[in-house]
Amino acid sequence: LSGNIYTYEQFLKVISVYTKEQYNLYIGTDSKIVKNKVVTVSALCFHKPGSTGRVFSIRKRFSKDKYGNLRSRMFLEAYLSLELAMELESVVPTKIEIHLDVGSTIKSKTSLYEKELQALVLGQGYDCKVKPDNWCASAAAHKVVNNQNY
């Protein structure tokens, strides 16, 4: 979250330190509606128990017309996280875990999609977490998407 901007090649070089030292990769995406756009932030968190970590983020914008309702945004967030996991699995030799920004209690509107989204992620072979264990989406990605000026 330092604000550095990397090309894909630079990013791969920077993360090689974390992949060599067996850091796990956690991926989570959050979104918010800003005017006529849906802004997403995907957080890529490298962490090793007992050690420090590093967070990278990717911001994208989409048409509100296409992703304006809650269900479509939840699936967009899951697909973006899955896309990153699939792209990076060949260069990250350790566990990749996807954190979905969905609740697990009836109080949460997103809990309606919990099982469906978990099945989507698990079906692709990745572990996944939902609230309250989804820190990569609900803390890292959420912080970035809500602290930007759009």
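Everything discussed here concerns the structure shown above.
Residues numbered from 1 in each chain as written. Predicted model: local features only at pLDDT ≥ 70, side-chain atom pairs only at ≥ 80, totals over all residues. Heavy atoms only, no water.

> Even after reading the chapter, I still don't get the packing of aromatic side chains, so can you show me in this structure?
Inspection of every chain in the model, using the stated rule, returns eight aromatic pairs. Measuring from centroid to centroid gives 6.1 Å for Phe46 and Phe56, while their planes differ by 90 degrees, and the two rings are edge-to-face. Separated by ten residues along the polypeptide, Phe46 in strand E2 (residues 37-47) and Phe56 in strand E3 (residues 53-63) bring together distant segments of the chain. Members of the aromatic cluster, each reached through a chain of ring pairs, are Tyr6, Phe11, Tyr18, Tyr23, Phe46 and Phe56. (Phe/Tyr/Trp six-rings, centres within 6.5 Å; stacked < 30°, edge-to-face > 60°. Helix = DSSP H or I, 4+ residues; strand = E, 2+ residues; numbered from the N terminus.)

> Please clarify how the sheet that holds E3 should be interpreted in this entry.
The strands that make up a sheet are held in pairs by hydrogen bonds between backbone atoms, and each pair lies either parallel or antiparallel. Read from one edge of the open sheet, five strands run E3-E2-E1-E4-E5, paired in mixed fashion. Each of the sheet's edge strands pairs with one partner strand only, and the pair in question is E3 and strand E5 (127-129). Between one strand axis and the next, the sheet turns by 20 degrees as a mean value, whatever way the strands run. Strand direction decides the pairing type here: strand E1 (residues 24-34) and E2, joined by eleven bridges, are antiparallel. Bridge assignment links Asp30 to a residue of E2, and that residue is Val41. Strands in contact with helix H1 (residues 8-20) are E2 and E3; relative to E3, the strand with the most contacts, it is inclined by about 140 degrees. In the packing of helix H5 (residues 135-146) onto the sheet, contacts are made with E1, E2, E3 and strand E4 (96-99), and the angle to E1 comes to roughly 45 degrees. (Pairing = 2+ DSSP bridges. Axes fitted to C-alpha atoms, helices over the stretch in contact; angles between N-to-C directions. Contact = heavy atoms within 4.5 Å.)

> Quick question: what am I supposed to make of the environment of Val145 here?
Within the element layout of this structure, Val145 appears in helix H5. Val145 sits 115 residues away from Asp30 along the chain, and the two C-alpha atoms are 6.9 Å apart.

> Would you take a moment to explain unusual backbone geometry for this structure?
Note: most residues except glycine have negative phi, and most peptide bonds are trans. Cis peptide bonds are those with omega within 30 degrees of zero, and the linkage from Lys131 to Pro132 qualifies with 10 degrees. Positioned with a positive phi, Gln22 is a non-glycine residue whose angle comes to about 65 degrees. Position of Gln22 among the secondary structure elements: in the loop between H1 and E1. Phi at Lys35 is positive, roughly 55 degrees, even though this residue is not glycine.

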